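# A structural walkthrough
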Amino acid sequence: MPIIASEKELSVYENMAARFDVAAAKLGLDEGFQKVLRHPSKEITLYIPVMMDSGSIEVFVGYRVQHSIVRGPGKGGIRFAPDVTLDEIRALASWMTWKCAVVNIPFGGAKGGVVCDPEKLSRRELEAITRRYTAELLDYLGPERDVPAPDLGTNEQVMAWVMDTYSMHVRHTSTAVVTGKPLDLGGSRGRREATGRGCLIVADQALQRLRLNREEQRVIIQGFGNVGSIAAKLMQETGYRIVGVADIHGGIYNPKGIDVPKLINHALEAGQISGFPGCDPVDPMQILFQDCDIAIPAAVENVITSHNADRIKARIIIEAANGPTTALADDILAEKKVFVVPDILANAGGVTVSYFEWVQDRQGYFWSESMVNERLEQMMVASFNDVLGYAERHNVSPRIAAYMLAIDRVAFALRLRGLYA
Ligand code: GLU
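Here's what I pulled together on the structure shown here.

### Topic: the site of the ligand
Of all residues adjacent to the ligand, which total 14 residues, the nearest are Lys-75, Lys-99, Pro-150, Asp-151 and Ser-354. Interatomic distance of 2.8 Å between a side-chain N/O atom of Asp-151 and a nitrogen atom of the ligand. In the model, an oxygen atom of the ligand is placed 3.1 Å from a nitrogen or oxygen of the Arg-191 side chain. Protein contacts shield 94% of the accessible area of the ligand, which totals 290 Å² for the unbound molecule. Looking at the shell around the ligand residue by residue, the class counts come to 4 nonpolar, 5 polar and 5 charged.

### As for unusual backbone geometry
If you check the backbone angles, Arg-171 has positive phi at about 70° while not being a glycine. Structurally, Arg-171 can be placed in the loop between α5 (156-170) and α6 (194-210). Of note in this structure, Asn-395 is not a glycine but carries a positive phi near 55°. Among the secondary structure elements, Asn-395 is positioned in the loop between α12 (369-394) and α13 (398-417).

### So, the side chain of Asn-322
Residue position: Asn-322 is located in the loop between β11 (316-318) and α9 (327-335). Of note is the side chain of Asn-322, whose polar atom sits 2.9 Å from the side chain of Lys-99. Apart from the residues within four sequence positions on either side, Asn-322 is in contact with Arg-79, Leu-92, Trp-95, Lys-99, Lys-111, Asp-151, Val-300, Glu-301, Asp-343 and Asn-347.

### Quick look at the pairing of strand β6 (residues 218-222)
Most of β6 sits inside the fold, with 4 of its 5 residues counted as buried. Pairing between β6 and strand β7 (residues 241-246): 5 bridges, direction parallel. Paired with Ile-221 across the bridge in β7 is Val-245. What joins β6 to β7 is helix α7 (residues 226-237), and the crossover it makes is right-handed. When β6 meets strand β10 (residues 294-297), the two strands line up parallel, connected through 4 bridges.

### A closer look at the sheet that holds strand β2 (residues 57-68)
Across the sheet, which stays open at both edges, the 5 strands sit in the order β1-β2-β4-β3-β5 with mixed pairing between neighbours. Two strands bound the open sheet, and with one partner strand each, they are β1 (42-51) and β5 (146-150). Ignoring strand direction, the axes of neighbouring strands in this sheet form an average angle of 25°. Summarising the sheet, β1 and β2 pair through 10 bridges and their orientation is antiparallel. Across the sheet, Glu-43 pairs through a bridge with Val-65, a residue of β2. Across the face of the sheet, helix α4 (residues 123-136) comes into contact with β1, β2, β3 (74-81) and β4 (109-115) while running at roughly 140° to β1.

Calculation rules
Residues numbered from 1 in each chain as written. Predicted model: local features only at pLDDT ≥ 70, side-chain atom pairs only at ≥ 80, totals over all residues. Heavy atoms only, no water. Near = heavy atom within 4 Å. Polar contact = N/O pair within 3.5 Å; in protein donor to acceptor, adjacent residues only side chain to side chain. Areas by Shrake-Rupley, 256 points an atom, 1.4 Å probe, with all protein chains shown as cover. Nonpolar A, V, L, I, M, F, W, Y, C, P; charged D, E, K, R; others polar. Helix = DSSP H or I, 4+ residues; strand = E, 2+ residues; numbered from the N terminus. Contact = heavy atoms within 4.5 Å. Buried < 20%, exposed > 50% of the residue type's maximum accessible area, 1.4 Å probe, protein only. Pairing = 2+ DSSP bridges. Right-handed = clockwise from strand over helix to strand, strands pointing away. Axes fitted to C-alpha atoms, helices over the stretch in contact; angles between N-to-C directions.

Spatial relationships are all this shows, so hold off on functional conclusions.
Printed below as a string of structure tokens:
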């Protein structure tokens, strides 16, 4: 049925659940298991008091949602952003379960968030929020329980504070409690670049399927943080032409191509990409709809919706962000025959190398960068082929195929374990 633009868009969690329902029905998953896997297993809300630099006390709201620990410890990032909601964290936790199952790593899914604006907080205030957040979650975190990582608004430093706070309480250094740490504290080589590198790997796979060359591909990326900037850099190095980029403050477009290393320097100096010489300015919310062959949303959820999906000009979408496309937009993109590499596959490079980091920490033996990258590539290519094979066999989109594959794997483990009552 055609989608009409006035149809009501869903919340982030509802968008996850809409795809879950379709995939579970196609799998013929029994109703009881559907109920179990559709909902998270635990949701924790925290009120985090912090003494601000001004001397006043502020209370920040934080969440940790564990969606599933059926296949292993909970795994997933911590997001610091002013618009974090429980609905969003619940969806992100579920996506982590599916993502870990798609790439077949032994983790469940979890996600955390704190409602705050890290750009407006001092380093000391950020540290205070992070340490109190971690201390409150002490009973729930741990290398065998739930292993956080960076996400929007958090970084290696924040992970170092999580690791230190947890370690101080358990009375020994526990590096495997968190991933995405600094290299000198048990971080993994290649982790910082892993999500962007994973996007390059799946883009190459998509081109192979569609029999296209890198050199003919004009790429647009929305988001120029850790994921977007690295994807842009690695893709340009391998022959793709980056023609448009946007961050939260503004976008730039140049059909002849943008010099990414120079743009990264400009962004570091100016604090934003706007004003980069030789490019036309574009509204960041419009960047994905400019002329290009590959569009990469690498920022936030719900940016490609039923209201704008018909304006996508790209032949391929690589979902570097979690949940950038709404369920209503899926049908419009399918009608336009856009090849969508879904988030739970496209951005799984990050958590895959998080898994490598966790393994290295537990062994106390660290791998070379080339070994990390090689294994990442093997796992991403295998997962891409698994998903596309599933899509062909079941005659569904790659997104529904990825959900089906993931749900099937989690349900299989759940069936073996049984319910504890
Ligand atoms: N925050 C990243 C994601 O959404 C990484 C999670 C992790 O490494 O645990 O996939």
